[in-house]
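One-letter residues, chain by chain:
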Amino acid sequence: APGEKVYSARFMGDKAYVVTFKQVDPLFVIDVADPTKPTVLGELKIPGFSNYLHPLNETHLIGIGYDTEQRYDEYSKSNFTVTTNMKMSLFDVSDFKNPKEQSAVKIGGKGSHSEVQYNPKALFRNSRYNYYGFPVVLYEAGKGDDVVYQGQGAQIYEITAENGIALKGNLVSKGQNDQYEDGKYLVQRVVYVNDALYTIARNEVKSYQLSDFKPLDTLTIK
């Protein structure tokens with residue numbers, strides 16, 4: 001992909017999956033069985049890009065990144081690309097020559113972000129329920145280039161090769177007077193112990209039932 005930047009990569013056995021980006025998101029499937037002669041087997045081009053790739057199983061990848069859209073600059077008379085909402089995709093790579101985006105969900109709007117985009121330790125996993133989750137701060141597009149704060153917390157998704165991606169726990173909240181995200185209550189990690197799920201921020205820990213995400217308790221850290 002001449003002229004494009006590498007945004008994420010994942011090695012699985014003798015295959016490598018690489019996402020590059022300039023205006024669209026090519027996902028390349030590369031055979032690296034012979035390290036001296038890596039061979040591109042197939043590619044998928046879709047809008048946006050994935051900053052992080054995570055294996056679901058031997059034939060499916062989870063991609064977390066951003067959607068993009070093309071806009072036109074009247075001054076320069078040229079197109080340019082801007083990021084919009086966060087996006088999570090499930091890629092089917094069972095056919096190496098023809099990878100597909102099997103399922104995708106939009107997360108928030110313009111300005112939304114998550115630490116999982118650049119730190120894989122922020123990814124929550126639970127194999128019993130097929131859960132994958134991460135901290136998130138949600139915004140929506142406002143007037144012009146403005147963004148409007150919607151809340152912060154965490155989101156938990158059920159992801160399977162059979163059914164794709166489904167939001168199961170939306171643990172995002174916003175105070176009545178909050179207009180901006182608050183670093184003191186910004187969720188940094190999501191973990192579970194037995195049947196309880198915990199969201200951990202600098203100034204508080206919240207607990208929920210793992211099965212249905214009903215709130216259990218809040219611990220304030222002073």
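Everything numeric in this text was worked out from a predicted model, so none of it was measured.

J.: Looking at this model, I keep getting lost on the sheet that holds strand S13 (residues 189–193). Mind explaining?
T.: Pairing between the strands of a sheet comes from backbone hydrogen bonds, and it takes one of two forms, parallel or antiparallel. Spatially, S13-S14-S15-S16 is the arrangement adopted by the four strands of the open sheet, whose pairing is antiparallel. On the outer flanks of this sheet lie S13 and strand S16 (215–220), each paired with one strand and no other. Strand-to-strand twist across the sheet, computed as the mean angle between neighbouring axes with direction ignored, equals 20°. Across five bridges, strand S14 (residues 196–200) lies against strand S15 (residues 204–209) in antiparallel orientation. Within S15, the position partnered with Thr199 by the bridge is Lys206.

J.: Even after reading the chapter, I still don't get the side chain of Thr199, so can you show me in this structure?
T.: Inspection of the secondary structure puts Thr199 in strand S14. Of the residues examined, Thr199 reaches a relative accessible area of 5% and is grouped as buried. Those residues in contact with Thr199 that sit more than four places away from it in its chain are Ala154, Leu171, Val187, Arg189, Val190, Glu204, Val205, Lys206 and Tyr208.

J.: How do you make sense of the nonpolar core when you look at a structure like this?
T.: Within soluble globular proteins, side chains that are nonpolar generally end up buried alongside one another. Judged by nonpolar contacts, the single largest core of 34 residues is most densely connected at Ile64, Met88, Ile107, Phe134 and Ile159. With sequence-adjacent residues up to four places away left out, Met88 is seen in contact with Ile62, Gly63, Ile64, Ser103, Ala104, Val105, Ile107, Phe134, Tyr157, Ile159 and Ile165. If you look at the next biggest cluster of nonpolar residues, it comprises 11 residues, including Phe124, Ile156, Tyr208 and Leu210.

J.: How should I be thinking about the packing of aromatic side chains in this particular structure?
T.: Any aromatic ring pair is given by two values, namely how distant the centres are and how the planes are angled relative to each other. Counted according to the given criterion, the structure contains seven aromatic pairs. Seen from their ring centres, Tyr129 and Tyr131 are 5.1 Å apart, and the 15° between their planes marks the pair as stacked. Taken together, the ring pairs connect Tyr7, Phe49 and Tyr66 into an aromatic cluster. We note Lys15 situated over the ring of Phe96; from NZ or CZ to the ring centre the distance is 4.6 Å.

J.: Any chance you could explain the sheet that holds strand S10 (residues 131–141) here in plain terms?
T.: Strand order across the open sheet formed by four strands is S9-S10-S11-S12, with antiparallel pairing between neighbours. The open sheet has two edge strands, strand S9 (124–126) and strand S12 (164–173), and neither has a second partner. Taken pair by pair, the neighbouring strands of this sheet meet at an average axis angle of 35°, ignoring direction. Note that strand S11 (residues 147–160) and S12 share nine bridges and pair antiparallel. Residue pairing across strands places Ile159 opposite Ile165, the latter belonging to S12.

J.: I tried to follow the environment of Lys15 on my own but got confused; where do I start?
T.: Mapped onto the elements of the fold, Lys15 is located in strand S2 (residues 15–21). For the pair Lys15 and Val40, spaced 25 residues apart in sequence, the C-alpha separation works out to 9.7 Å. Among residues more than four places away in sequence, those in contact with Lys15 are Arg10, Ile30, Asp31, Val32, Leu41 and Phe96. Polar side-chain contacts of Lys15 include one of 2.9 Å to the side chain of Asp14.

J.: Explanation requested: the pattern of salt bridges in the structure shown.
T.: In this structure the tally under the stated criterion is six salt bridges. Lys87 is the partner of Asp67 in a salt bridge, and the nearest nitrogen-oxygen pair spans 3.9 Å. One end of the pair, Asp67, is in strand S6 (residues 60–73); the other, Lys87, is in strand S7 (residues 78–92), with 20 residues separating them in the sequence. The same class applies to Asp67 and to Lys87, which are both buried.

Parameters at a glance
- Residues numbered from 1 in each chain as written.
- Predicted model: local features only at pLDDT ≥ 70, side-chain atom pairs only at ≥ 80, totals over all residues.
- Heavy atoms only, no water.
- Pairing = 2+ DSSP bridges.
- Helix = DSSP H or I, 4+ residues; strand = E, 2+ residues; numbered from the N terminus.
- Axes fitted to C-alpha atoms, helices over the stretch in contact; angles between N-to-C directions.
- Buried < 20%, exposed > 50% of the residue type's maximum accessible area, 1.4 Å probe, protein only.
- Contact = heavy atoms within 4.5 Å.
- Core = buried A, V, L, I, M, F, W, Y, C linked by side-chain atoms within 4.5 Å.
- Phe/Tyr/Trp six-rings, centres within 6.5 Å; stacked < 30°, edge-to-face > 60°.
- Lys NZ or Arg CZ within 6 Å of the ring centre and 35° of its normal.
- Polar contact = N/O pair within 3.5 Å; in protein donor to acceptor, adjacent residues only side chain to side chain.
- Salt bridge = Lys/Arg side-chain N within 4 Å of Asp/Glu carboxyl O.

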